[in-house]
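Summary of the model geometry
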Amino acid sequence: MTERHLQPLLHDLVGVVHAPTSALGDAAGQLRPHGVQGAFHADARVLSRAELRLDEREPEPIGHGAAGPDSARFVGLARWLGDATPDPTVRVERTRRAGPRGLTEEIVVSSTATEPVHTTVTVDLACDLAPIEQVKTGHAIAPLAAEAGGPGRVRWAADGLTVTVTGEGSTVDATGERTAAPRLSWPVTVDPGTSVTLRWRLAVTDPRAVVTAAPAEPGWAEPQVAADDRRLLRLLDRSLADLRGLRLAEPAHPEDVFLGAGVPWFLTLFGRDSLWAARMMLPLGTDLAAGTLRVLARRQGTRVDPATGEQPGKILHELRRHEFAPNEGLRLPPAYYGTVDATMLWVSLLHDAWRWGLPADQVEPLLPHLEAALRWLGEHADADGDGFVEYVDTTGHGLANQGWKDSGDAVRFRDGRLAAPPIVLAEVQGYAYRAATDGADLLEAFGRPGADRWRGYADRLAGRFRSTFWVDGRHGPQPALALDRNKRPVDSLTSNIGHLLGTGLLSDAESAQVAALLATEAMAGGFGLRTMSTDDAGFSALSYHCGSIWAHDTAIVLAGLARDGHRAAALRLADGLLAAAEAFDYRLPELYGGDDRATLGRPVPYPAACRPQAWSAAASVLLLQAFLGVYPDVPNGRVGLRPLAGPELGALSATGLRVAGAPVTASVDHTGHPTVKDLPTPLQTTHLPRIPHPRTPSPAAPTAPTRRS
């Protein structure tokens, strides 16, 4: 039987992160030499083992928890030591703290025994310097030989990376059989009612890393929030702490901060992920958006290169120090451009940051990059000239799917068949429409030509979409997920259509119908929004993109529903997402199972999901904005108000949001009445039409004829 190498499971591991360093261990605090456990720096595993023992025995774990934004504490017992009583008398606490260039551990052995306790504490280490893609495949990687580097110190070096572990006051055994498994040792005596503290630290020198640590303090505000629903407060607190740890910069431009996508697989620059996360964070200021825009603008495509997917004006997909090749079929170059949507998301982030108050002197230097992105949309995004944005991997070793659902089986017909490329995704047409209108607004506001051209492009795209994408579905008319190679509508019902909300591509009636579809039990019966309807043959609750639930996807759709006025559907998704947050101890994973709520009464983990993950954490800020209903348009001097909070979610207030760079307070009372204070002059609030009381949206036929697949 052929051996299968499976991606390691990590849903029950405990992580700490201070990008670009992260660590994943088990619930006992051990870093064991298997799976994805270990300490990582950027995209290399710098420590594959750190196992604690007392007298060659492991402490018995009894609990663990966060000890700060970048730390975790583990509590265990050494019941073979101390008094022979039913109550334990020797306790072991282990606190792990990630730093930008390594991590530290503090081990505290305390005793309430009546006699002194004598024990030898050891930590067994290993280092394999495995690239993250090798770890992801589940292959076993042999540890490297270590060398003693002085008192209490052990060292590994290869490929320009140097890893050093130092145990304060320890002795090191790194000879013979211990060359591949060096040991730190401390003989200790703990007197009654006292404790002994031991420390060791990991330091990494990595001059070839393509990412580096961000400045000490985040560039966003940390608002003071009061809410009747305490789940939102806990989610925000944990998410903002995680986001602090996910901040990264390029070594040559440490002032421009962006968010790494997630631990452990994607702790680097990802165009789509970093853009969406920065967009969700706009209520807390525009600095993160500005840094993300500038980082990606510097790497904007300038030539046609089929091997990397680069095209003039195109925005990068991901950046690594070397080729990313987790399997024989997938080989991505270090700088890879295989994304169909990041370029349009870049345009809309620039527009939205401008609307939130990004100063003109920061917008203007980016306008040439805006024009280049729009040229890409007009000249390269539509390879066959049919008026839609499409993608196809021409190399045979790139991403087969290049939307946010980028797994190979993500685009399926209702009967489960895979769609053949080139693929025209529904949500990408919405992004294109929005980018064209956003770009037109910016060009016009800054006195640059082309606004009329892009508004005309958007109008034509909307007409084509209306006549081509709508199909008859189980729950009435629906936009297809995509068009396949032969321009046949891919007729499965998926969350992709929710991304059309708020883009301007849909009419009011079409928006209402999409809301009704998303509110069905088949889509919203889990803890959030399923990526695919349970009615479709391709549905699987633990499929990466065909039935699972993604926190960012649910939040984006929820925000679109709220802004478009579909209160009932938005509230249902909000309840599911907050319930999921509670179940995951308020650290929302990248994704989780799309099972019915009744299956376990809590969401089923997706066992290989990143956690923490940037756009899952940033989704908490998007929830806060949707609940408060604050929609600034600083260039036009107004702030629209349409809150989701009120009778169902309770009262809510946030002090320290940022509009036009100024701290403001937004609140919603129990009746749903919104108030914004301290807006800078001359901004004025405008109450958008009130969202009706919750009810099931009635299906509405689209405003143009539908077609069957």
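Residues numbered from 1 in each chain as written. Predicted model: local features only at pLDDT ≥ 70, side-chain atom pairs only at ≥ 80, totals over all residues. Heavy atoms only, no water.

Describing the overall build of the protein
The helix and strand tally for the protein stands at 14 helices and 35 strands. Rg of the C-alpha trace for the protein: 26 Å, near the compact-globule value of 27 Å for 709 residues, within the 12% margin. Dimensions of the protein along its principal axes, counting C-alpha atoms only, are 80 × 55 × 55 Å. Looking at the protein as a whole, 62% of its 709 residues qualify as buried. Nonlocal contacts in the protein, meaning residues at least 24 apart in sequence, comprise 66% of its contacts between residues at least 6 apart. (Helix = DSSP H or I, 4+ residues; strand = E, 2+ residues; numbered from the N terminus. Rg over C-alpha atoms; globule rule 2.2 N^0.38 Å. Buried < 20%, exposed > 50% of the residue type's maximum accessible area, 1.4 Å probe, protein only. Contact = heavy atoms within 4.5 Å.)

Remarks on the sheet that holds strand E20 (residues 253–259)
In spatial order, the strands read E17-E19-E20; together these three strands make up an open sheet with antiparallel pairing. Looking at strand neighbours, the two that pair on one side only are strand E17 (212–213) and E20, the edges of this open sheet. (Pairing = 2+ DSSP bridges.)

Details of the packing of aromatic side chains
What the rule picks out here adds up to 11 aromatic pairs. Between Phe-266 and Phe-270, the ring centres sit 5.3 Å apart and the planes meet at 70 degrees, which makes this aromatic pair edge-to-face. On the accessibility criterion, Phe-266 (16% relative accessible area) is buried. Between Phe-388 and Phe-469 the ring centres are 5.6 Å apart and the planes differ by 75 degrees, which places this aromatic pair in the edge-to-face class. Of the two residues, Phe-388 is situated in the loop between helix H7 (367–379) and strand E23 (424–425) and Phe-469 in the loop between helix H9 (451–468) and strand E24 (470–473); the sequence distance between them amounts to 81 residues. Neither Phe-388 nor Phe-469 differs from the other in exposure class; each is buried. An aromatic cluster is defined as three or more aromatic residues linked by ring pairs; in this entry it consists of Trp-404, Tyr-544, Trp-550, Tyr-606 and Trp-615. In this structure, Arg-417 is placed above the aromatic ring of Phe-413, and the distance from its NZ or CZ to the ring centre is 4.3 Å. (Phe/Tyr/Trp six-rings, centres within 6.5 Å; stacked < 30°, edge-to-face > 60°. Lys NZ or Arg CZ within 6 Å of the ring centre and 35° of its normal.)

Some details on the sheet that holds strand E27 (residues 489–490)
One open sheet accounts for three strands, arranged E23-E26-E27; its pairing is antiparallel. Two strands close off the open sheet at either side, each with one partner strand: E23 and E27. In this structure, strand E26 (residues 482–483) lies alongside E27, joined through two bridges in antiparallel fashion. Its bridge partner lying in E27, Ala-482 is registered against Val-490.

A short note on the pattern of salt bridges
Here the idea is simple: oppositely charged side chains can pair when their charged atoms come close. Inspection of the entire model under this criterion finds 57 salt bridges. The shortest N-O distance in the salt bridge between Asp-352 and Arg-434 comes to 2.4 Å. Of this pair, Asp-352 sits in helix H5 (residues 342–356) while Arg-434 sits in helix H8 (residues 426–445), and the two are 82 residues apart along the sequence. Assessed through its relative accessible area of 13%, Asp-352 is described here as buried. With a closest N to O distance of 2.6 Å, Arg-466 and Glu-510 form a salt bridge. Separated by 44 residues along the polypeptide, Arg-466 in helix H9 and Glu-510 in helix H10 (residues 508–518) bring together distant segments of the chain. Of the two residues, Arg-466 and Glu-510, neither departs from the other in class, the shared state being buried. Salt bridges linked by common partners bring Asp-26, Arg-32, Arg-49, Glu-51, Arg-53, Glu-56, Glu-58, Asp-124, Arg-178 and Arg-183 together as one network. (Salt bridge = Lys/Arg side-chain N within 4 Å of Asp/Glu carboxyl O.)

So, H10
With nine of its 11 residues buried, H10 lies for the most part within the structure. Regarding H10, the residues found buried are Glu-510, Ser-511, Ala-512, Gln-513, Val-514, Ala-515, Ala-516, Leu-517 and Leu-518. For H10, the secondary structure elements touched by its buried residues are H9, E24, strand E25 (476–479), helix H11 (521–524), helix H12 (551–564) and helix H13 (567–583).

Some thoughts on the pairing of strand E3 (residues 38–41)
Residues Gly-38 and Phe-40 line one face of E3 and the alternating positions Ala-39 and His-41 line the opposite face, and both faces are buried. Two strands pair when backbone bridges link them, and strand E2 (residues 21–25) and E3 are joined in this way by four bridges, in the antiparallel orientation. Of the residues in E3, the one forming a bridge with Ser-22 is Phe-40. Alignment of E3 against strand E4 (residues 44–47), held across three bridges, turns out to be antiparallel. Note on E4: the bridge partner recorded for His-41 is Ala-44.

Some thoughts on the packing of H7 against H8
Helix-helix packing is characterised by the crossing angle of the two axes and by the distance between the axes. As a packed pair, H7 and H8 sit with axes 11 Å apart at the nearest point and diverge in direction by 145 degrees. For the element pair H7 and H8, the recorded crossing hand is left-handed. Packed against H7, whose contacting residues are Leu-370, Glu-371, Leu-374 and Leu-377, the element H8 presents Ala-432, Ala-435, Gly-439, Leu-442 and Leu-443 at the interface. For the contact of H7 with H8, the class distribution of residues is seven nonpolar, one polar and one charged. (Axes fitted to C-alpha atoms, helices over the stretch in contact; angles between N-to-C directions. Left-handed = near helix turned anticlockwise from the far one by under 90°. Nonpolar A, V, L, I, M, F, W, Y, C, P; charged D, E, K, R; others polar.)

A word on the pairing of strand E1 (residues 14–18)
Most of E1 is tucked away, with four of its five residues classed as buried. For E1 and E2, the ladder comprises five bridges, and the chain directions are antiparallel. Bridged to Val-14 within E2 is Gly-25. Here E1 folds back onto E2, and the loop between the two strands holds two residues.

A closer look at the environment of Ser-511
Along the chain, Ser-511 turns up in helix H10. Residues Ser-511 and Ile-497, 14 residues apart in the sequence, show an inter-C-alpha distance of 9.8 Å. The contact partners of Ser-511, leaving out residues within four places of it in the chain, are Leu-501, Leu-506, Asp-564 and His-566. At a separation of 3.1 Å, a polar atom in the side chain of Ser-511 contacts the side chain of Asp-564. (Polar contact = N/O pair within 3.5 Å; in protein donor to acceptor, adjacent residues only side chain to side chain.)

With respect to the side chain of Ser-543
Summarising the element assignment, Ser-543 is placed in the loop between H11 and strand E28 (549–550). Residue Ser-543 is classed as buried on the basis of its relative accessible area of 11%. Contacts of Ser-543, omitting those with residues within four sequence positions, involve Asp-409, Ser-548, Leu-591 and Tyr-606.

Some remarks on the nonpolar core
If you look at the biggest cluster of nonpolar residues, it comprises 189 residues, and the most contacted ones within it are Trp-346, Leu-377, Val-411 and Phe-627. With 12 residues, the single largest contributor to this core is helix H14 (residues 614–628). When near neighbours in sequence (up to four residues on either side) are disregarded, Trp-346 contacts Leu-275, Leu-293, Leu-296, Ala-297, Ile-315, Leu-366, His-369 and Leu-370. Counting residues in each nonpolar core, the second largest holds 44 residues, with Ala-78, Val-92, Leu-125 and Val-188 among its members. (Core = buried A, V, L, I, M, F, W, Y, C linked by side-chain atoms within 4.5 Å.)

So, the packing of helix H4 (residues 287–298) against H5
Packing of H4 against H5 leaves a shortest axis separation of 10 Å and a crossing angle of 150 degrees. Relative to H5, H4 is oriented so that their crossing is left-handed. Counted together, Ala-289, Leu-293, Leu-296 and Ala-297 of H4 and Trp-346, Leu-349, Leu-350 and Ala-353 of H5 form the full contact between these two elements. By residue class, the composition of the contact of H4 with H5 is eight nonpolar, no polar and no charged.

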